[in-house]
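Now for the letters of each chain:
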Amino acid sequence: LSSSSAASDVYKRQILFFARKVYKDGLLSSIITISRSVPGVQSIISAEQKKLGSEIGSMIRSEFKFLTIDYEELPKEGLSKDEIFRKFDTLLKHHHSFNEGKAFGGIYHEDEELHDIATQAHVKFASTNALFPSIFPALKKFENEVVRMTRHILHGDERVVGVMTTGGTESILMSIKAYRDKAKKERGITQPEMIVPVTAHPAFCKGAHYFGVKFVIIPVDPQTYEADVKAIKDAVNRNTIMIVASAPSYPQGVIDPIEEIASLAKKRNIPLHVDACLGAYILPWLHHLTKKWDFAVPGVTSISADLHKYGGGPKGTSLILYRDSSYRRYQHFTTGYWAGGLYCSPSMTGSRAGGVIASAWATMVARGEKGYMLAAKEIHKHFVKLCVGISSIPNLKLMGKPEACCIAFIAQGIDTFKIADAMEARGWKNLNRLRQGVQIQVGHKNSFDIDKWLQDLSECTTELKNNPDKYKGMAAIYGMASKIPADAGIIEPILEDYLEALYE
């Protein structure tokens, strides 16, 4: 095919038709690579991408058709408080799937008393800004104490330092920035590389893109889904600035073999970042787990921890912690060139909302160690029940041995993605589609009816076994994406179309 210089348009279309027909057999990767070298095929692929992007746009518009644009410009007269809150109440009615426990939306807890405390704390400090600690000294106290309480939870000593951020992505970005700059100044590395298991959060890929770091992906064990330590060892070279591990991973809820990875990292004098955005505020109280993963492990040099996940904090609160200040110093941004004076900031943002910092502090001291222990126990009880329930359904198989937070499974003899479509048709919007398999995150939500969810999952699986062609929602898109190599450049433009559709 690659030697053909005048393939007819019909022939090219036959290639694309064949590609669509056989992607289920895992042949699409090879076909894409070969067929792209045929003159004109790339334009056909682009047309197919555009067509699929248009279909996704139509789906988005249909899903949000109840939303109207009321203001293209400022109202002539400001609305009254009553008018504003009537609009809020109307829009909140569309959050019914979340309120009924059928969608989680990245919310991991449900505690009305704690929510009330956190909300009131936010209101009291809503107009404060942590960029100005001398004007708002309470925020300095709150942030420092949140860092200290968290480092204690994670077995850090008094040398462990940290900064609050707006979320896990910013915490991860800061670790990459710090390690890049440290490696450049101390080791002269100008072509930095980072080693990342394929199960690590995509924020690492984003950070590599933003900061010009080569993103070296390593595989995981196909049975346990733990990071492959040998592959990490083989990938290390003089340009490696950091290694990444997860506790646990988002896709399968599996903790990487961090003690082994840390030993390797320490021997090679390479920083090891543990992404515990999911696990930081729940794993310390799951005493049955034997894996060590935090600052108790020599060689772990930084940890990202999301307070707004299992920590119970408000959305927009995370931490990045380092073994000592010699790492954190490289996270900061400072400049003396500005005509407006000297400028410095500890993280990506300049102004930092004081309300969420105060709310985070209030959450932690209100819940206390006992509260975190009880929440972890309750959440893990639901976790175990879901693992057992999913495993008992014929044709469904857990992916690895989930340890906390997330449970992934795959169907045998059935299109797994169609199961997610079938569950969504019954109102459930809490199954996340992975590249392979689907996943549910387990939180503390009283309105989530586990028994009903498992019953519907079983019925949907049986339904699809008997009628495999019934659902045609997102299954086709995810099915295709799962077979396309990550570096093929096929999926990204479609995802861009999705994002553009959201902002129409």
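None of the values given here were measured: they were computed from a predicted structure.

Rules of the game
- Residues numbered from 1 in each chain as written.
- Predicted model: local features only at pLDDT ≥ 70, side-chain atom pairs only at ≥ 80, totals over all residues.
- Heavy atoms only, no water.
- Helix = DSSP H or I, 4+ residues; strand = E, 2+ residues; numbered from the N terminus.
- Buried < 20%, exposed > 50% of the residue type's maximum accessible area, 1.4 Å probe, protein only.
- Contact = heavy atoms within 4.5 Å.
- Areas by Shrake-Rupley, 256 points an atom, 1.4 Å probe, with all protein chains shown as cover.
- Pairing = 2+ DSSP bridges.
- Axes fitted to C-alpha atoms, helices over the stretch in contact; angles between N-to-C directions.
- pLDDT = per-residue confidence, 0-100.
- Right-handed = clockwise from strand over helix to strand, strands pointing away.
- Arc of directions from axis to C-beta.
- Patch = residues over 30% accessible without salt bridge, like charges linked within 9 Å, V, L, I, M, F, W, Y side chains within 5 Å.
- Salt bridge = Lys/Arg side-chain N within 4 Å of Asp/Glu carboxyl O.
- Lys, Arg positive; Asp, Glu negative; His and termini not counted.
- Charge placed at Lys NZ, Arg CZ, Asp CG, Glu CD.
- Core = buried A, V, L, I, M, F, W, Y, C linked by side-chain atoms within 4.5 Å.

### Comments concerning the overall build of the protein chain
- Counting its secondary structure elements, the protein chain contains 17 helices and 13 strands.
- A total of 504 residues make up the protein chain; the buried ones form 48% of that total.
- A separation of at least 24 residues holds for 72% of the contacts in the protein chain among residues at least 6 apart in sequence.
- Counting every atom, the protein chain has about 26,100 Å² of accessible surface; 55% of that belongs to carbon and sulfur.

### Side note on the sheet that holds strand β3 (residues 214–218)
- One open sheet holds the seven strands; their spatial order is β1-β7-β6-β5-β4-β2-β3, and the pairing between them is mixed. At either end of the open sheet lies a strand with only one pairing partner, and these are β1 (161–165) and β3. Averaged over all adjacent pairs, the angle separating strand axes in this sheet is 20 degrees, with direction ignored.
- Pairing geometry for β1 and strand β7 (residues 318–322), over five bridges, is antiparallel.

### With respect to the confidence of the model for the protein chain
- Model confidence for the protein chain is summarised by a mean pLDDT of 89, while 89% of its residues fall at 70 or above.
- Note that residues 1–26 has pLDDT below 50 and, in this model, 34 contacts with residues that lie over four places away or in other chains.

### Digging into the pairing of strand β4 (residues 240–246)
- The element β4 is extensively covered by neighbouring structure, given that seven of its seven residues are classed as buried.
- Bridge count between strand β2 (residues 193–197) and β4: three bridges; the pairing is parallel. When the bridges of β4 are listed, Ile 195 appears paired with Ile 243.
- Where β4 and strand β5 (residues 272–275) come together, four bridges link them in parallel fashion. Bridged to Val 244 within β5 is His 273.
- The parallel pair β4 and β5 is bridged by helix α11 (residues 258–267), and the resulting crossover is right-handed.

### Re α11
- Turning to α11, its buried residues number three or more, namely Ile 258, Ile 261, Ala 262, Leu 264 and Ala 265. All buried residues of α11 lie within an arc of 160 degrees about the axis, which places them on one face of the element. Facing away from the buried surface of α11 by more than 90 degrees, the exposed residues are Glu 260, Lys 266 and Lys 267.
- Where α11 is buried, its residues meet α10 (229–235), β4, β5 and β6 (300–306).
- At the exit of α11 stands Asn 269, carrying a positive phi of roughly 60 degrees.

### Topic: unusual backbone geometry
- Note the cis peptide between Ala 247 and Pro 248, where omega equals -10 degrees.
- As for its placement among the helices and strands, Pro 248 is situated in the loop between β4 and α11.
- Notably, Tyr 225 is not glycine yet its phi reads approximately 65 degrees, a positive angle.
- The backbone phi angle of Cys 405 is positive, close to 75 degrees, even though this residue is not glycine.
- Within the secondary structure, Cys 405 sits in the loop between β10 (396–398) and β11 (406–411).
- Residue classification places Cys 405 among the buried positions, given a relative accessible area of 2%.

### Looking at the pairing of β2
- Buried residues dominate β2, accounting for five of its five residues.
- Because side chains alternate across β2, one face comprises the buried residues Glu 193, Ile 195 and Pro 197, and the other comprises Met 194 and Val 196, equally buried.
- Sheet topology places β2 next to β3; five bridges connect them, and they run parallel. Residue pairing for β3: Glu 193 is matched across the bridge by Lys 214.

### Description of a negative patch on the surface
- A cluster of acidic side chains, namely Asp 111, Glu 112, Glu 113 and Asp 116, defines a negative patch on the protein surface.
- Its location among the elements puts Asp 116 in helix α6 (residues 112–124).
- You can call Asp 116 partly exposed: its relative accessible area is 42%.

### Looking at the nonpolar core
- With 89 residues, the main nonpolar core has Leu 272, Tyr 281 and Trp 453 as its most contacted residues.
- Broken down by element, the residue count for this core peaks at 12 residues, all from helix α13 (residues 354–391).
- Discounting residues that sit within four places of it in the chain, Trp 453 has contacts with Leu 386, Ile 390, Phe 409, Met 423, Trp 428, Asn 430, Leu 431, Ile 440 and Phe 448.

### Considering the sheet that holds β11
- The strand order β10-β11-β13-β12 describes an open sheet built from four strands, whose pairing is antiparallel. This sheet does not close on itself; its edge strands, each paired only once, are β10 and β12 (432–433).
- The sheet contact formed by β12 and strand β13 (residues 438–441) spans two bridges and is antiparallel. Pairing of Asn 432 across the sheet is with Gln 439, part of β13.
- Relative to the sheet, α13 contacts β10 and β11, its axis offset from that of β11 by approximately 5 degrees.

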